[in-house]
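Descriptive structure summary
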Amino acid sequence: DTAVSQTPKYLVTQMGNDKSIKCEQNLGHDTMYWYKQDSKKFLKIMFSYNNKELIINETVPNRFSPKSPDKAHLNLHINSLELGDSAVYFCASSHEQTRDEAFFGQGTRLTVV
Amino acid sequence: AQSVSQHNHHVILSEAASLELGCNYSYGGTVNLFWYVQYPGQHLQLLLKYFSGDPLVKGIKGFEAEFIKSKFSFNLRKPSVQWSDTAEYFCAAIIKGAQKLVFGQGTRLTINP
């Protein structure tokens, strides 16, 4: 069973479109994250949610809107896509209290053309 | 600002060579430290972690890391690398009270057969 699953794995879309990436974890964790990995492989946190509440928003443009319907899901919606949004987006989860390792999803490679 | 830095951007070795990848962090308080590996086209997987206790930690696939508090370092080592170790390696840290895992810039490791 996949612990953290993201869909889709690949997403190619035109500038200006709106798209969503879904993430689900079956680990019972209470904290979920979205990370962006750029072309140089640098990983930067975008958002962190704890029990459906937004904890961290790292100055991400408001075109990016995370949604957490329950603590097992954290979806990422992106409006008005730009070329610079092309990257690999990773969802992750962890147990907030133990500060233990984060488990990552397979990643979503977003290409904006 | 809280940060994690990895000194080597790209390391090229031959099989059976010894490996050491540097990692330094800039936090003064209690910190949990991690090394993750990302094989080509894959998601991040945990190699090892340090929370407390013995500063020399052993992880999977023959990797180990040593926490040196006085140097704010957590270097990754492997005595004899294999071609299959070719991957991107990320050092990461989470400090007590924080809600996010902060990553270093990553080190690309290429092993020539």
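Residues numbered from 1 in each chain as written. Chains lettered and ligands numbered in written order. Predicted model: local features only at pLDDT ≥ 70, side-chain atom pairs only at ≥ 80, totals over all residues. Heavy atoms only, no water.

**Some words on the interface of chain B and chain A**
Condition: Contact between two residues is taken to exist if any of their heavy atoms lie within 4.5 Å; hydrogens are not considered. Buried area is calculated as the accessible area (1.4 Å probe) missing from two parts once they are joined, with the contributions of both summed. A pairing counts as a salt bridge when a side-chain nitrogen of Lys or Arg comes within 4 Å of a carboxyl oxygen of Asp or Glu. Each polar contact in these results corresponds to two N or O atoms within 3.5 Å; when the atoms are within protein, one needs to be able to donate a hydrogen and the other to accept it, and residues that are neighboring in sequence are counted only if both atoms are side-chain atoms. Numbered from the N terminus, helices here are DSSP runs of H or I no shorter than four residues, and strands are runs of E no shorter than two.
Taken together, the contacts link 22 residues of chain B with 21 residues of chain A. Summed over both sides, the interface of chain B with chain A buries roughly 1900 Å², with 54% coming from carbon and sulfur. Along the contact surface separating chain B from chain A lie 1 salt bridge. For the salt bridge of Glu101(A) with Lys49(B), the shortest nitrogen-to-oxygen distance reads 3.8 Å. Where chain B meets chain A, there are 4 residue pairs in polar contact (both at pLDDT 80 or more). Looking at the side of chain B that touches chain A, the elements that each hand over two or more residues are strand 5 (31-38), strand 6 (44-50) and strand 10 (87-95) of chain B.

**Quick look at the nonpolar core**
The line we're drawing: What is meant by a nonpolar core is a set of buried Ala, Val, Leu, Ile, Met, Phe, Trp, Tyr and Cys residues, joined one to another through side-chain atoms within 4.5 Å. Exposure classes here rest on a 1.4 Å probe applied to the protein chains alone. A residue is buried below 20% of its type maximum, exposed above 50%, and partly exposed in between.
Counting 32 residues, the largest nonpolar core has Trp35(B), Leu48(B), Phe74(B), Leu76(B) and Tyr89(B) as its most contacted members. Those elements that place two or more of their residues in this core are strand 2 (10-14), strand 3 (19-21), strand 5, strand 6, strand 8 (64-68), strand 9 (73-78), strand 10 and strand 12 (107-112) of chain B. The element that contributes the greatest number of residues to this core is strand 10 of chain B, accounting for 5 residues. Core analysis: the second largest hydrophobic core is formed by 20 residues, Val4(A), Phe64(A), Leu76(A) and Ile78(A) among them.

**Quick notes on the environment of Leu48(B)**
Residues and elements named next belong to chain B. Inspection of the secondary structure puts Leu48 in strand 6. Judged by its relative accessible area of 3%, Leu48 is buried. A sequence separation of 12 residues divides Leu48 from Ile60, and the C-alpha atoms of the two residues are 6.9 Å apart. Dropping the residues within four chain positions of it, Leu48 is found in contact with Leu33, Phe34, Trp35, Val57, Lys58, Gly59, Phe63, Glu64, Ala65, Phe74 and Leu76.

**Some words on the state of the cysteines**
The condition is simple: Disulfides are defined in this document as cysteine sulfur pairs within 2.5 Å.
A full pass over the atoms with the stated rule returns 2 disulfides over all chains. Across a sulfur-sulfur distance of 1.8 Å, Cys23(A) and Cys91(A) are joined as a disulfide pair. Taking the torsion about the S-S bond as the criterion, the Cys23(A) to Cys91(A) disulfide, at about -75 degrees, is left-handed. With Cys23(A) in strand 3 (residues 19-25) and Cys91(A) in strand 9 (residues 87-94), this pair connects stretches of sequence that are 68 residues apart. Like Cys23(A), the residue Cys91(A) is buried in the burial classification. A sulfur-sulfur separation of 1.9 Å characterises the disulfide bridge that pairs Cys23(B) with Cys91(B). Between Cys23(B) and Cys91(B), the S-S dihedral sits near -65 degrees, and the bridge is therefore left-handed. Of the two residues, Cys23(B) sits in the loop between strand 3 and strand 4 (24-25) while Cys91(B) sits in strand 10, which places them 68 residues apart along the sequence. A single burial state applies to Cys23(B) and to Cys91(B), both of which are buried.

Purely geometric numbers; function is a separate question.
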